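# Close look at the chain arrangement
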Amino acid sequence: MTATPDNGAAPLLQQLSERIDAKRDELISLTQDLIRIPTLNPPGEFYTDCCRYLGERLQQRGFEVAYYRAEGSPGDSDRYPRENVVARKSGGSGPCVHFNSHIDVVAVGANWTRDPFSAELAGDLIYGRGACDMKGGLAASVIAVEAYLELFPNHAGAIEISGTADEESGGYGGVAWLAEQGIMAAPRIDHVIIPEPLNKDRVCLGHRGVWWAEIETRGRIAHGSMPFDGDSAIRHMGAVMEKLEKELYPVLARKRTSMPVVPDGAKESTLNINSIHGGESEEFDGLPTALVADSCRMIIDRRFLIEEQLDAVKAEVGEILDTLSRERAGFAYSLRDLFEVIPTMTSEQAPVVTEVSRAIEQVLNKAPDMVVSPGTYDQKHIDRIGKLSNCIAYGPGILTLAHQPDEYVSVTDMLDSAKVMALALHNLLNPGQGA
Ligand SMILES: [Zn+2]
């Protein structure tokens, strides 16, 4: 902590820290209010309530607030509108720093010992669905910005805070839609911080790639007592699985990325067989009828590395299927793409990375870890649609608690990460005169 703010008083970090610490109770009540709006996705409950809550708060503090419904996006309806809020505080000339949080939370699931939506405070922890992923991060960014604005009402550049829909289901009614409109995109914005729960001392640069696909093998139906008259699609799928086990999995296990993916197991390429179904429907209670399966379908979830090309990833599976077509009598298949995301990793030299890293060092007195997420999040849309690579995830909360029962966020972690965000904000808005 070296530089001093304009008034030459205490060092900037000290001033920001005092302001943020003084807002501890406000941070707790803001986090609790957000958790108590049960923005479950699916189906997309209470998005409008959550956006209005956030928008009205920020409007009272001088932000211009705009609401955007992503009409026509998946799941959007009058009953469940895909509502988003973007609040902007414009100052002097300078860059735009944007804090983006998703407002949706996943289903509660079983094994809770606390009420998932009462936002109980116990010691330093606030419990509830979305506490960690990511209403705690959203609240921390709001408090960081509000504390900053008290110190710098005549700040340079522009500060934006958004609450967006549907991250947990792909972000098409949220960040993807806003990026397509040019709202969450270059050149309108310059720096993006997504306060996802990656731990307060880590900077998340990006994520691995995704390819979801459906493989179907086909056969010929016949009486189950005379299977030789038919051709079993399930046995054909068994041949596919054998090839995956013997040929593809060993290849994937040998691939290691230079991306700093956490946890360590995700530094390899991975393939999950998400589901498999062959033959008759399972949706009946009685006895099955005697049939040879004429169709078997498998969904695969392939996570790939920045060193791999999507075409090559697909070709590995395609070659196995083509080989079986040549070698195995009667083998017929189709391969259908379901979903794909290209890996993304922001450069460690990008300004948002260097400023958040410096702020972590100053606030926590330790060098940050640079990490990459095993799964994807909304950065993919900002990168590909918004054409803005100067984006990271940084926020409080323990990654492995996300989507778990008794999810919580620590108030201390929120306060610390708010200090990091406020300090980084100042240095991003005032490049070249950093604190
Ligand atoms: Zn999240």
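Nothing here was measured: the structure is a model prediction, and the numbers come from that model.

## Section: the overall build of the protein chain
Secondary structure summary: the protein chain contains 10 helices and 16 strands in total. Since a compact globule built from 435 residues should have a radius of gyration of about 22 Å, the 25 Å found for the protein chain is in line with a globular shape. Its C-alpha atoms put the protein chain at 90 × 45 × 40 Å along the principal axes.

## Here we look at the domain arrangement of the protein chain
Once the domains are mapped, the protein chain shows domain 1 (12–207 + 343–429) and domain 2 (209–341). Relative to domain 2, the C-alpha centre of domain 1 lies at a distance of 37 Å. Every contact between the two is made by eight residues of domain 1 and, on the other side, 12 residues of domain 2. Looking at which element gives the most residues to the side of domain 1 that touches domain 2, the answer is strand β14 (residues 369–373), with three residues. Residues belonging to the side of domain 1 that touches domain 2 are distributed by class as follows: six nonpolar, one polar and one charged.

## Re the nonpolar core
Of all hydrophobic cores here, the largest spans 111 residues; its most connected members are I143, A144, V356, I392, A422 and L425. Ranked by residues supplied to this core, first place goes to helix α4 (residues 131–151) with 13 residues. For this core, the domains that each give at least three residues are domain 1 (12–207 + 343–429) and domain 2 (209–341).

## Considerations on unusual backbone geometry
Here the residue pair N41 and P42 is connected by a cis peptide bond, since its omega of -10 degrees sits within 30 degrees of zero. Structurally, P42 can be placed in the loop between α2 (24–35) and α3 (47–60). Note that the residue after D133, namely M134, is joined by a cis bond; omega there is -10 degrees. Structurally, M134 can be placed in helix α4. At H403, a residue that is not glycine, the phi angle is positive and equals roughly 70 degrees.

## So, the packing of helix α1 (residues 12–22) against α4
Interhelical geometry of α1 versus α4 gives an angle of 125 degrees and a closest axis separation of 9 Å. In terms of orientation, α1 and α4 fall into the oblique class. Our pair here, α1 against α4, has a crossing hand that is right-handed. Residues Q15, L16, R19 and I20 of α1 lie in contact with α4, whose contacting residues are I143, A144, A147, Y148, E150 and L151.

## Brief notes about the sheet that holds strand β5 (residues 125–127)
An order of β4-β5-β16 is seen for the three strands of this open sheet, with the pairing classed as antiparallel. With partners counted over all chains shown, the strands left at the sheet margins are β4 (121–122) and β16 (408–410), one partner each. Across two bridges, the pairing between β4 and β5 is antiparallel. What sits directly across from L121, in β5, is I126. Across the sheet, helix α10 (residues 411–429) is in contact with β5 and β16; its angle to β16 comes to roughly 60 degrees.

## Looking at helix α7 (residues 310–327)
With 18 residues, α7 extends 26 Å between its outermost C-alpha atoms, agreeing within 8% with the 26 Å of an ideal straight helix rising 1.5 Å per residue. Most pronounced at E316, the bend in α7 amounts to some 25 degrees. Looking at the buried side of α7, the elements it contacts are β9 (209–218), α6 (233–254), β11 (295–304) and β12 (332–341).

## With respect to the environment of R297
Inspection of the secondary structure puts R297 in strand β11. Along the chain, R297 and N430 lie 133 residues apart, while their C-alpha atoms are 55 Å from each other. The residues contacting R297, other than those within four sequence positions of it, are E214, E216 and H277.

## Digging into the confidence of the model for the protein chain
Overall, the prediction assigns the protein chain a mean pLDDT of 95, with 97% of residues at 70 or greater. Segment residues 1–5 is flagged for pLDDT under 50; beyond a separation of four residues in sequence, or across chains, it makes 14 contacts in the model.

## Structural notes on the sheet that holds strand β10 (residues 270–278)
Ordered by their spatial adjacency, four strands build an open sheet running β10-β11-β9-β12, and the pairing between neighbours is antiparallel. With partners counted over all chains shown, the strands left at the sheet margins are β10 and β12, one partner each. The mean angle between the axes of side-by-side strands here comes to 15 degrees, regardless of whether they run parallel or antiparallel. In this structure, β9 lies alongside β11, joined through 10 bridges in antiparallel fashion. Residue pairing across strands places I215 opposite M298, the latter belonging to β11. Those strands touched by α6 are β9, β10 and β11, and its axis lies near 175 degrees from that of β10. The strands touched by α7 within the sheet are β9, β11 and β12, with β12 carrying the most contacts at an inclination of about 160 degrees.

## Points about the environment of V175
Here V175 shows up in helix α5 (residues 175–180). Residues V175 and V261, 86 residues apart in the sequence, show an inter-C-alpha distance of 23 Å. Ignoring anything within four residues of it in the chain, the contact list for V175 reads N100, T164, M184, D378, H381 and I382.

Definitions and cut-offs
- Residues numbered from 1 in each chain as written.
- Predicted model: local features only at pLDDT ≥ 70, side-chain atom pairs only at ≥ 80, totals over all residues.
- Helix = DSSP H or I, 4+ residues; strand = E, 2+ residues; numbered from the N terminus.
- Rg over C-alpha atoms; globule rule 2.2 N^0.38 Å.
- Domains from an automatic or database assignment.
- Contact = placed C-beta atoms within 7 Å.
- Nonpolar A, V, L, I, M, F, W, Y, C, P; charged D, E, K, R; others polar.
- Core = buried A, V, L, I, M, F, W, Y, C linked by C-beta atoms within 7 Å.
- Buried ≥ 20, exposed ≤ 12 C-beta atoms within 10 Å, placed from the backbone.
- Axes fitted to C-alpha atoms, helices over the stretch in contact; angles between N-to-C directions.
- Parallel < 35°, antiparallel > 145°, perpendicular 65-115°, else oblique.
- Left-handed = near helix turned anticlockwise from the far one by under 90°.
- Pairing = 2+ DSSP bridges.
- Expected span 1.5 Å × (residues − 1).
- Bend = angle between axes of the 7 residues up to and from the residue.
- pLDDT = per-residue confidence, 0-100.

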